[in-house]
Amino acid sequence: QVQLVESGGGLVQAGGSLRLSCAASGSIFRINVMGWYRQAPGKQRELVATITNGGSTNYADSMKGRFTISGDNAKNTVYLQMNSLKPEDTAVYYCNMYTMAYGDFRYLPSWGQGIQVTVSS
């Protein structure tokens, strides 16, 4: 079983920055993809960004140029640097990882509990 713990959220003014972190623990042999998603009140969960273990990144269009995802495979940790934040970025941000356990051959998804990011105007 894998546990993901997010940190770094909070309240920030528009134009400000935050850095989210997500650390994974448990039976982890390998991580394939790490990512961030978010869910605003009354809306569906949406992709923010993903990064593969090879370093390839993918961003939602509205985050390109403002958000940067990075990963530390040795620490089983993924980061999300968020700059030029807007009130519409207010949401609960969720960490996601596809991990392979020792003795297994499958990559299975795990989710963090979510962390609140609030951007005031």
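1. Side note on the state of the cysteines
For the structure on display, the rule yields one disulfide. Here Cys22 pairs with Cys95 through a disulfide, and the sulfurs are 2.1 Å apart. Here Cys22 and Cys95 share a disulfide; its torsion about the S-S bond, -80°, makes the bridge left-handed. In this pair, Cys22 sits in strand β3 (residues 18-26) while Cys95 sits in strand β9 (residues 91-100), placing the two residues 73 residues apart along the sequence. In terms of burial, Cys22 and Cys95 fall into one category: buried.

2. Comments concerning the pattern of salt bridges
Inspection of every chain in the model, using the stated rule, returns five salt bridges. Between Glu46 and Arg38 there is a salt bridge whose closest N-O contact spans 2.7 Å. Overall, Glu46 belongs to the partly exposed group, its relative accessible area being 35%. The salt bridge partner of Arg106 is Asp104, with a shortest N-O separation of 3.0 Å. The class for Arg106 is partly exposed, based on a relative accessible area of 43%. A single salt-bridge network, built from bridges that share partners, covers Arg38, Glu46, Arg66 and Asp89.

3. Structural notes on the packing of aromatic side chains
All told, the structure shown has two aromatic pairs when counted by the stated rule. Between the aromatic rings of Tyr37 and Trp111, the centroid separation amounts to 5.1 Å while the plane-to-plane angle is 65°, which identifies the pairing as edge-to-face. Separated by 74 residues along the polypeptide, Tyr37 in strand β4 (residues 30-39) and Trp111 in strand β10 (residues 108-111) bring together distant segments of the chain. Sitting over the face of the ring of Tyr79, Arg19 holds its NZ or CZ atom 4.1 Å from the ring centroid. Cation over ring: Arg45 sits above Trp111, and NZ or CZ is 4.7 Å from the ring centre.

4. Observations regarding the side chain of Ser21
Topologically, Ser21 is positioned in strand β3. Dropping the residues within four chain positions of it, Ser21 is found in contact with Val5, Glu6, Ser7, Trp36, Val78 and Tyr79.

5. Re the pairing of strand β1 (residues 2-7)
Burial along β1 is one-sided: the residues Val2, Leu4 and Glu6 are buried and none of Gln3, Val5 and Ser7 is. As judged from the six bridges shared by β1 and β3, these two strands associate in the antiparallel manner. What sits directly across from Ser7, in β3, is Ser21.

6. Quick look at the sheet that holds strand β8 (residues 77-82)
Strand pairing in a sheet is mediated by backbone hydrogen bonds. Such pairs are either parallel or antiparallel. The four strands are arranged β1-β3-β8-β7 in an open sheet whose pairing can be described as antiparallel. Because the sheet does not close on itself, it has two edges, and the strands there are β1 and β7 (67-72). On average, each strand axis in the sheet is inclined to that of its neighbour by 15°, with strand direction left out of account.

Rules and cut-offs
- Residues numbered from 1 in each chain as written.
- Predicted model: local features only at pLDDT ≥ 70, side-chain atom pairs only at ≥ 80, totals over all residues.
- Heavy atoms only, no water.
- Disulfide = S-S within 2.5 Å.
- Helix = DSSP H or I, 4+ residues; strand = E, 2+ residues; numbered from the N terminus.
- Buried < 20%, exposed > 50% of the residue type's maximum accessible area, 1.4 Å probe, protein only.
- Salt bridge = Lys/Arg side-chain N within 4 Å of Asp/Glu carboxyl O.
- Phe/Tyr/Trp six-rings, centres within 6.5 Å; stacked < 30°, edge-to-face > 60°.
- Lys NZ or Arg CZ within 6 Å of the ring centre and 35° of its normal.
- Contact = heavy atoms within 4.5 Å.
- Pairing = 2+ DSSP bridges.
- Axes fitted to C-alpha atoms, helices over the stretch in contact; angles between N-to-C directions.

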